[in-house]
Amino acid sequence: MRIGSGYDVHKLVEGRDLILGGVKIPFEKGLLGHSDADVLVHAIMDALLGAAGEHDIGYHFPDTDDRYKGISSIRLLEEVMKILSAKGYKPVNVDATVVAQKPKLLPYIDAMRENIACAMGIEADRVNIKATTEEGLGFTGSGEGMKASAVCLIE
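What you see is a predicted model; the values in this text were computed from it and never measured.

Student: Report on the side chain of Lys 147, specifying residues and quantitative values.
Tutor: Position of Lys 147 relative to the elements: it lies in strand E7 (residues 145-154). Of the polar contacts made by the side chain of Lys 147, one reaches the side chain of Glu 134; its length is 3.1 Å.

Student: Break down the pattern of salt bridges for me, with residues and values.
Tutor: Under the defined criterion, the tally for this structure stands at 10 salt bridges. With its nearest N and O atoms 2.6 Å apart, the salt bridge here joins Arg 67 to Asp 65. Notably, a salt bridge pairs Glu 79 with Lys 82, separated by 3.1 Å at the nearest N-O pair. Of the two residues, Glu 79 and Lys 82 are both situated in helix H3 (residues 73-86); the distance of three residues between them amounts to about one turn of the helix. By relative accessible area, Glu 79 is classed as partly exposed at 22%.

Student: Pulling in residues and values, what's your account of the packing of helix H1 (residues 39-51) against H3?
Tutor: Interaxial distance between H1 and H3 falls to 10 Å at its minimum, and their mutual angle equals 5°. With respect to each other, H1 and H3 are oriented roughly parallel. In this structure, H1 contributes Val 41, His 42, Ile 44, Met 45, Leu 48 and Leu 49 to the contact, and H3 contributes Ser 73, Ile 74, Leu 76, Leu 77, Val 80, Met 81, Ile 83 and Leu 84. Counted by class, the contact of H1 with H3 contains 12 nonpolar, two polar and no charged residues.

Student: Give me helix H4 (residues 109-120): which residues, what numbers.
Tutor: A rise of 1.5 Å per residue sets the reference length of H4, with its 12 residues, at 16 Å; its end C-alpha atoms lie 16 Å apart and thus fit the reference within 8%. Looking at H4, one finds that the buried residues are Ile 109, Met 112, Ile 116, Ala 117, Ala 119 and Met 120. Projected down its long axis, H4 shows its buried positions confined to an angular sector of 160°, all on one face. Of the exposed residues in H4, the ones pointing more than 90 degrees away from its buried face are Asp 110 and Cys 118. Packed against the buried residues of H4 are strand E2 (18-20), strand E3 (23-25), H1, H3, strand E5 (91-99) and strand E6 (127-132). A positive phi of about 75° marks Gly 121, the residue just after H4.

About the thresholds
- Residues numbered from 1 in each chain as written.
- Predicted model: local features only at pLDDT ≥ 70, side-chain atom pairs only at ≥ 80, totals over all residues.
- Heavy atoms only, no water.
- Helix = DSSP H or I, 4+ residues; strand = E, 2+ residues; numbered from the N terminus.
- Polar contact = N/O pair within 3.5 Å; in protein donor to acceptor, adjacent residues only side chain to side chain.
- Salt bridge = Lys/Arg side-chain N within 4 Å of Asp/Glu carboxyl O.
- Buried < 20%, exposed > 50% of the residue type's maximum accessible area, 1.4 Å probe, protein only.
- Axes fitted to C-alpha atoms, helices over the stretch in contact; angles between N-to-C directions.
- Parallel < 35°, antiparallel > 145°, perpendicular 65-115°, else oblique.
- Contact = heavy atoms within 4.5 Å.
- Nonpolar A, V, L, I, M, F, W, Y, C, P; charged D, E, K, R; others polar.
- Expected span 1.5 Å × (residues − 1).
- Arc of directions from axis to C-beta.

What follows is the structure in structure tokens.
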């Protein structure tokens, strides 16, 4: 068994969809990035890659490569699973936290869990997602961006 951790940050901007856990969430801003900028899935991918002793997502899916421009991060997670499978690993579980002042994410968490579990080929009860605020402090508290962290176990 191996443990990995992941972390990601993206800026909130107008004119972009807000995608978290593969779910489009109604909000006046979205996350800025080369892909769909799904900060939650990016943290999970880095946790999985780290557990497998692999480079990070920037190495595997560089933002200089037009193949990944606007791509769904759920699709990239499926590619990460192929990398793990090729090394003989399979995921046991993932525990992740999204930090965002707004919007409230509770209504979307079950759909996020389902999307991520499906992409990983595991049951949804092996994917845990929590959402919290920083009580108005820092760049997440001011609404300038969102961040996520994740830990995972693979075998």
